[in-house]
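Inside the fold
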Amino acid sequence: MDSLAFDPLFLFADSLAATRDTLRQLRDSIQSLHHRLHQFNQTLQQVQQQLSQVQQRLTVLEAQRAKAKELAATITRLEDAQRRALLSQLSPEILDMLYLETQGRGRTLLLQSLPPEQAARLVSRLIQKSGDQEPMVTSVGSQ
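The full count for this structure, using the stated rule, is 6 salt bridges. A salt bridge links Arg 27 to Asp 28, with the shortest nitrogen-to-oxygen separation between them at 3.7 Å. Residue Asp 28 is classed as partly exposed on the basis of its relative accessible area of 39%. Its salt-bridge partner being Glu 101, residue Arg 65 comes within 2.6 Å of it at the nearest N-O pair. Here Arg 65 is found in helix 1 (residues 8-76), whereas its partner Glu 101 is found in the loop between helix 3 (92-100) and helix 4 (105-113), with 36 residues between them in sequence. Assessed through its relative accessible area of 52%, Arg 65 is described here as exposed. Within the structure, one salt-bridge network assembled from shared partners comprises Asp 96, Arg 125 and Lys 129.

Of the residues examined, Glu 101 reaches a relative accessible area of 13% and is grouped as buried. In this view, Glu 101 contacts Arg 65, Ala 68, Lys 69 and Ala 72; residues no more than four positions away in its chain are not counted.

A packed helix pair is summarised by two numbers, namely the angle formed by the two axes and the spacing between the axes. For the pair helix 2 (residues 80-88) and helix 4, interaxial distance at closest approach is 9 Å and the crossing angle is 70 degrees. Overall, the two elements helix 2 and helix 4 adopt an arrangement that is roughly perpendicular. Contacts from Arg 83, Arg 84 and Leu 87 in helix 2 reach Leu 109, Leu 110, Gln 112 and Ser 113 in helix 4. Considered class by class, the residues forming the contact of helix 2 with helix 4 number 3 nonpolar, 2 polar and 2 charged.

Reading the values: the criteria
- Residues numbered from 1 in each chain as written.
- Predicted model: local features only at pLDDT ≥ 70, side-chain atom pairs only at ≥ 80, totals over all residues.
- Heavy atoms only, no water.
- Salt bridge = Lys/Arg side-chain N within 4 Å of Asp/Glu carboxyl O.
- Buried < 20%, exposed > 50% of the residue type's maximum accessible area, 1.4 Å probe, protein only.
- Helix = DSSP H or I, 4+ residues; strand = E, 2+ residues; numbered from the N terminus.
- Contact = heavy atoms within 4.5 Å.
- Axes fitted to C-alpha atoms, helices over the stretch in contact; angles between N-to-C directions.
- Parallel < 35°, antiparallel > 145°, perpendicular 65-115°, else oblique.
- Nonpolar A, V, L, I, M, F, W, Y, C, P; charged D, E, K, R; others polar.

Remember that the coordinates give geometry; whether it matters functionally is a separate question.
Printed below as a string of structure tokens:
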């Protein structure tokens, strides 16, 4: 009969062991989630830093674009000789910006004011920047 007797201590110890196992699993899950949260926060900080850098770069580019637009309007109003002298001294990057910020007749004036080789390089750069990989125009000798 003694072996069939109800042993509350055995049930309590068994329940305690199950609770301890459950608590260990919960602790491990919490640690794992905490680790994942920490990684997520680090990634979020990196993305925020990158976003901040992109926003700063965008601000700089917008300011440059506004200046280029203003200067392009001024340059197109210059006399031919003055415009040619000025444009011949500018870097390719500046010429690209000026061309992109000029419209219609102003673009024609800019191209006409450049020596043919410099105008050809400008057009080539602009075509490359637009994503076209193959030349759109072939030279007379290659036709």
